[in-house]
Every structure is written in C-alpha cells, then in structure tokens.
Amino acid sequence: MTLRTRPAITARHARIALQNVVALTAILGSPVDVGAQLSHPLPVARIDSVFNTYDSRATPGCAVAVLRGDSVAFRKAYGMAHIGFGVPMTTATTLWIPYSETRTFVALAVATLVRDGRLSLDDPVRRHIPELPAYASAVTVRHLVHHSSGLADYGVLEPAFDLTDRITDADVFRMLGRWGKLVFAPGSGTMYSNTDYALLRMLVERTSGRSLHEHLRTVLLDRLGMRATRIGAEQGSVPGPHALFHEPIATGWRSVLRYRISPVGGIAVSTNLDDMVRWARAVRDSSSGIAALLASLEGGAPESARRTGFLYGVYPATVSGQPSIEHRGVGEYKYLVRVPSADLSVVTLCNAYPGMWTFGPAVAALIVNRADTLPPPNMTALAAAAALPTIPMPTTVLQRYVGDYVTLSGREVGLRITLADTMLAYNVPGGRVYSMRPIGVGRFEVVMTGIAIFHVTMTDSERTPGGVLLTAREVGAAASEPDTLRRKVVVRTPATSSAALRGLVGAYTGDAIDVTLHVTVDADRLLVSTKSLAPTELRPGAKADTFRFTDYDLRFVRDATGRVTHLVLDASRVKGMRFSRRPAAAG
C-alpha cells in the first residue's frame, strides 16, 4: 500500500495534492534568484525535519544526498533498514527502486543497442519477439519506449493482480493473445503499460544475449563504479546490507518479503545512496554519454508522450518556480530531483512509499530558497504528533467510515475514504492516496510530507446526513482552522437494494481474460473476489447496476427480460473487459 494525506478539503490542499508541490510555497516562501543562494550554508536542521517521520527505531528509513555540481554537500541516513532486527539505515544500504521508476535504465540499455547498430527504434517488435500476437505487427521498438504501442497492460488484464503472483513471459503472451486487440493504433496515443517495458527487457536480453543487468553492468554500471547496483535481482539474492521494503499496517509496519514476480519485476533496481550519487553525477556530466543516449530516443515521440512525461521515466517539473527534472515513475517514488539552473541534485532512497513524492522536492526547495530567513514549522508539535502510538482498530469498525465525503452543505471536494487491507486510506483528486494511521478511537494520523501532519477525527453522528463527520486539523501550523466534512449520502436505487443485490450474485468468467470474478452478498454489501483478491466491497455508482472497486469501474448488463447476463470492467488503461455469467449450479 502507498500512503498519502489530506486532499481537497480546502482549495489550498487540493492545489497541493494536484500539483505535487508539497505545500512548499506556504512552508518555504516565494521563489528567489537561484544564483544568489548556493553560497549559503545548507539548512541542515530543516533537511532533517523533512525526514522526521522516518527518523526513529520504529520506522522504515531513508538515505539522502545533496550535490552541488559534482560535490556532495550533504549525505545522511535516517531510520531503520529493518525494524524487527534493529538494523539502522546507512548510506551503503541497498534499497529497492520499483518498476515504472526504473524505465530510464531499460531505455538506456535499448539506446546502447541502437547506437551499436544491433537494433533500430523502427524495428517491428515481432521481428525480435515473434511470440507477440500478430495483431501487434505494427508495434515498433520506438512505440514501446514512448508508451505509444497500444498494447494492453497485462497487470490490468488480471484484475487485482497481486505483487506475489508469479507471471512468466509466456503468461504475458498468453494473456495478450487471448485479449486479442490493441487499445489504440500504434503511435496514435499514449498510455502507460507495464507490457511495454516488460517487452523491452525481453528485447534487450534477446538482442544482447545476456540479462538486462549483465548488459547494463558491462556497458555502463562498471564504468560509473556502480558496483552495488543490481537490475531485476530477486531480493533474496541481493548481497547485503539490503533493506527490505516496508508497508504500513494498523499496528505499524511490516516487511514486504516478496516483490512482483513477473516480467516487469525484472527491471526493478536495487542500489544504494553511494551508487546513486555516482549516477547523479553521470546524468549531469555530458562526457558520460547518458544524456546523449537518452536524447537519441526522443525522436518520433508523440506530443502526448512529451506532454505527459512518458519519456523513459524522466519528467519536467518545478521547484519553487525553478524548472526541475524528476527521475521517477508514474507513482510517487522520486529518487532523483535536479534543478539545472542551480546545478543542484537531490538523491533520496527509502524502504517505504509514504512521503516519497515529497522528500526530494522539499529538500531541493529548502536549498533553492533562503530557508535561513524563514520561520521554522512547530517541530515540537510535529514530533509529539509523530510519536503517538498506533492503536489497532478492527476492520469492522474501520468499515463504518468508508465512503465519499462532502462539505456540510453537500459540495463535492473529491475526498474518498477506502479500506485497504487493515488500514483506512485517504483518497484525493489526482489519484493520490494517503494511509490513515489509527492513533485513538476514531482518530487517525495522515502524513502529507515529512513536515506536514494532519489529525483526522471520525465521529458517528445520527443527526448528520451520511452518519459520519470528519474533522481534519493540521498539526504544528501557526493558524490551523479545522475542516469539517460529512459522509455523502448514498441513495440506494431499486437496483442496489438488498433484494436486487442478491440477483447479481454469481461467478463471472472472462471472455478474453483468464480470470473468474465471484460476486457475493454480505448483509446489504455486494462483494467481489478473485483468486488473488479477498472479498472487496463494490461501491455503488451513480447509475443503476454500476459499481466500483480498487481501480475498476464495474457495470452489470441485462438482457431484454432483465436477467443479468454479464458484467463489464473498465480501467484507466484497458476498457471493455467482459465477463460472462456462469449458469447457476443445479440443486
């Protein structure tokens, strides 16, 4: 699970969530002339405060380095590499950078093969990978690099695909073959798809005759001195010291012992801060050849790819008004942030997701701005808030708070509370989600950044429409007025009444997907499950027979007699996934 925080409760926080600026303007002040700033001493205490929530023996950890040009101006580790074993984080600890974040490395491997004349960006992919279905004959290597292939994401084609599910290359070809079509004509659009970079990994290995790691080690990593870096390594085979990834649960944190066992897992990177400092130097150094290799891939990129940042995991952004470059994925793991005008690079590695989308930009902004002249946040209040113990709460209690929340007058603000595993999650506009750590009866902590904590109180209220009041207050802010929302009233249409829900129960088998969805009823809740998905509530949609779960919209379809014959799933990356209803078993 990832976590995030407080959303469009106010216009200011909506702007924060949607622009990924981490409240930096409010915290750090207005943009200033960069050239005049870099001679100032680093605001070390303020940098420490960014990582406050990860700086204890009871939390995962982070390692951060700040480079001015090629010189390391700040290097420090916080928190734990392994909480249970009491192993602290160090700058030599290797950590995991997940899948979409590592596309830059895969793209570089492709570029080296193109440079050496062993591959062309305009080669049809099926020339090198004939197992790819014939309907993808027009897909080229260039399309894969720019996510403009139109190939369906194999992870979406398996609803509720779990991180620990083992999916082989052959499984991917089987899934694509059964699906039988492209989402759009190659080159006519862009859509993030794990399939694209899984195929590029296969392409590099088949063309070079060695693993992706061995190819990159030979042509790049050894030359840069990045000897602790491994591409696509099973976590158990990474030589120590290595920090397993952690995820939040109701009682604190737990280690993720396994990562995605699938083709896209073969591009994940394990590395440490010291190696990533070498990487940051090489990225800014024209003599390394990295910038030229990446630039060689840009030709023919659709405008939509440039606009949405689908160019191999390198995204344009801003830090306090200054143009910046973020090395990240479609998620939040920003492991390198560069501000070229200040010749500034910030490397951040953590063994957990929460806060990762904020840390690098926050540190960069502290340095770009005159941080020494700005009032600090109330760190005493923040430290006291972060030290509150986690109070486990039964899922039956947490379930009471699930729903969409609106202002007291009924105005939509885009906030949704969901239940994921044993934690409530705070869903905000733009797709961001923040975990809600229980700290008391009906009380939760939500962390937006290392220096912004919100306390959320959920109160049962029979006199309030929706039955639940939500009050959120920013901890440590000079003037923090609480925001109060109420749960939105869901009007049950006849199609979603208890009796009607029972008419939707059944097993639904994918017409072009090898998955069966099991729809059941528990009291007045409709649930869906698969072999990988525990029973999950289907939340009613705006129209009859429409529902939503995880990242999918679900619609039941009826025949002329009113009997449900099938359902259709739509996701952001693949739409129109049809599942036919099995006949009920006799007796």
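Higher on the page you've got the structure.
Overview of the structure. Keep in mind that what you see is a predicted model, and the values were worked out from it rather than measured.

Focus: the overall build of the chain
- A tally of helices and strands in the chain yields 16 helices and 30 strands.
- Restricting to contacts in the chain with at least 6 residues of sequence separation, those with at least 24 account for 61%.
- For the chain, the exposed area adds up to about 23000 Å²; of that, 53% sits on carbon and sulfur atoms.

Considering the pairing of strand β28 (residues 552–558)
- Bridge count for strand β27 (residues 546–549) against β28 is four bridges, and the pairing is antiparallel. Among the inter-strand pairings, Thr 546 is bridged to a residue of β28, identified as Arg 555.
- The loop that links β27 with its antiparallel partner β28 comprises two residues; one of these, Thr 550, has a positive phi angle of about 40 degrees.
- As defined by bridge partners, β28 adjoins strand β29 (residues 564–570) across six bridges and the pair is classed as antiparallel. Bridge pairing links Val 557 to His 566 in β29.
- The turn linking β28 back onto β29 is made up of five residues, and Gly 562 within it adopts a positive phi angle of 95 degrees.

Brief notes about the nonpolar core
- Core analysis: the biggest nonpolar cluster contains 131 residues, and Trp 279, Phe 556 and Met 577 have the highest contact counts within it.
- Top element by residues in this core is helix α13 (residues 356–368). It accounts for nine residues.
- Residue contacts for Phe 556: discarding those within four places in its chain leaves Leu 504, Tyr 508, Val 519, Leu 526, Asp 545, Phe 547, Val 564, His 566 and Leu 567.
- Core analysis: the next-biggest nonpolar cluster, separate from the first, contains 24 residues, Val 413, Ile 417, Leu 424 and Tyr 434 among them.

Observations regarding the pattern of salt bridges
- Scanning the model with the defined rule gives 30 salt bridges in all.
- In this structure, the salt-bridge partner of Arg 142 is Asp 122, at a minimum N-O distance of 3.1 Å. Here Arg 142 is found in helix α6 (residues 141–145), whereas its partner Asp 122 is found in the loop between α4 (103–115) and α5 (125–128), with 20 residues between them in sequence.
- Using a relative accessible area of 47% as the deciding quantity, one classes Asp 122 as partly exposed.
- Linking Arg 127 and Asp 123 is a salt bridge whose minimum nitrogen-to-oxygen distance equals 3.0 Å.
- Take Arg 127: its relative accessible area is 58%, and that puts it in the exposed class.
- Relative accessible area serves as the criterion here: at 9%, Asp 123 is assigned to the buried category.
- One salt-bridge network, held together by shared partners, links Asp 171, Arg 174, Arg 178 and Asp 514.

Examining the packing of aromatic side chains
- Inspection of every chain in the model, using the stated rule, returns 14 aromatic pairs.
- Here the aromatic rings of Trp 96 and Tyr 99 are separated by 5.4 Å at their centres, their planes lie at 75 degrees, and the arrangement is edge-to-face. Across the pair, Tyr 99 and Trp 96 agree in class, each one buried.
- By the ring-pair criterion, three or more aromatic residues cluster together here, those being Phe 51, Tyr 54, Tyr 78, Trp 253 and Phe 359.
- Taking the ring centre of Trp 179 as reference, the NZ or CZ of Lys 181 above it sits at 4.7 Å.
- The ring of Tyr 315 has Arg 328 sitting right over it, with the charged end atom 3.8 Å from the ring centre.

Concerning the state of the cysteines
- One pass over the full model with this rule turns up one disulfide.
- Residue Cys 62 pairs covalently with Cys 350 via a disulfide, S to S 2.0 Å. Residues Cys 62 and Cys 350 are joined through a disulfide that is right-handed, its torsion about the S-S bond being 105 degrees. Of the two residues, Cys 62 is situated in strand β1 (residues 62–68) and Cys 350 in strand β13 (residues 344–350); the sequence distance between them amounts to 288 residues. Like Cys 62, the residue Cys 350 is buried in the burial classification.

A closer look at the packing of α4 against helix α8 (residues 194–208)
- Running from N to C, α4 and α8 cross one another at 35 degrees; their axes reach a closest spacing of 10 Å. Considering the relative orientation of α4 and α8, their crossing is left-handed. Together, Arg 103, Val 106, Ala 107, Ala 109, Val 110 and Leu 113 of α4 and Tyr 197, Leu 200, Arg 201, Val 204, Thr 207 and Ser 208 of α8 make up the contact between the two elements.

Some remarks on the pairing of strand β2 (residues 71–78)
- In the sheet, β1 pairs with β2 via seven bridges, with the strands oriented antiparallel. By the bridge assignment for β2, Leu 67 is matched with Val 72.
- In sequence, β1 turns back onto β2 through a hairpin of two residues, with Gly 69 there showing a positive phi of about 65 degrees.

Re α13
- Along its 13 residues, α13 runs 19 Å from first to last C-alpha, staying within 8% of the 18 Å computed at 1.5 Å per residue.
- α13 sits mainly inside the fold: 13 of its 13 residues count as buried.

Observations regarding the sheet that holds strand β11 (residues 322–327)
- In space, the six strands of this open sheet follow the order β2-β1-β13-β12-β11-β10, with antiparallel pairing throughout. The two strands at the open ends of the sheet, each matched to only one other strand, are β2 and β10 (314–319). On average, each strand axis in the sheet is tilted by 20 degrees relative to the strand beside it, whichever way the strands run.
- Contacts from helix α10 (residues 273–284) reach β1, β2, β11, β12 (336–339) and β13 within the one sheet, and its direction differs from that of β1 by about 30 degrees.

Points about the environment of Leu 408
- Relative to the helices and strands, Leu 408 resides in the loop between β14 (403–407) and β15 (412–420).
- What makes Leu 408 exposed here is its relative accessible area of 52%.
- Put simply, Leu 408 and Leu 469 are 61 residues apart on the chain and 8.9 Å apart in space, counted from C-alpha to C-alpha.
- Ignoring any residue separated from it by four or fewer positions in sequence, one finds Leu 408 in contact with Leu 469, Thr 484, Leu 485 and Arg 486.

Quick look at the environment of Thr 390
- Relative to the assigned elements, Thr 390 resides in the loop between α14 (379–386) and α15 (395–398).
- Spatially, the C-alpha atoms of Thr 390 and Arg 437 are 6.6 Å apart, while their sequence positions differ by 47 residues.

Regarding the sheet that holds strand β23 (residues 516–522)
- Pairing is antiparallel across the open sheet formed by nine strands, whose spatial order is β25-β24-β23-β22-β30-β29-β28-β27-β26. Strand pairing shows two members of the sheet lacking a second neighbour, β25 (536–537) and β26 (539–540), which therefore form its edges.

The rules behind each value
- Residues numbered from 1 in each chain as written.
- Predicted model: local features only at pLDDT ≥ 70, side-chain atom pairs only at ≥ 80, totals over all residues.
- Heavy atoms only, no water.
- Helix = DSSP H or I, 4+ residues; strand = E, 2+ residues; numbered from the N terminus.
- Contact = heavy atoms within 4.5 Å.
- Areas by Shrake-Rupley, 256 points an atom, 1.4 Å probe, with all protein chains shown as cover.
- Pairing = 2+ DSSP bridges.
- Core = buried A, V, L, I, M, F, W, Y, C linked by side-chain atoms within 4.5 Å.
- Buried < 20%, exposed > 50% of the residue type's maximum accessible area, 1.4 Å probe, protein only.
- Salt bridge = Lys/Arg side-chain N within 4 Å of Asp/Glu carboxyl O.
- Phe/Tyr/Trp six-rings, centres within 6.5 Å; stacked < 30°, edge-to-face > 60°.
- Lys NZ or Arg CZ within 6 Å of the ring centre and 35° of its normal.
- Disulfide = S-S within 2.5 Å.
- Axes fitted to C-alpha atoms, helices over the stretch in contact; angles between N-to-C directions.
- Left-handed = near helix turned anticlockwise from the far one by under 90°.
- Expected span 1.5 Å × (residues − 1).

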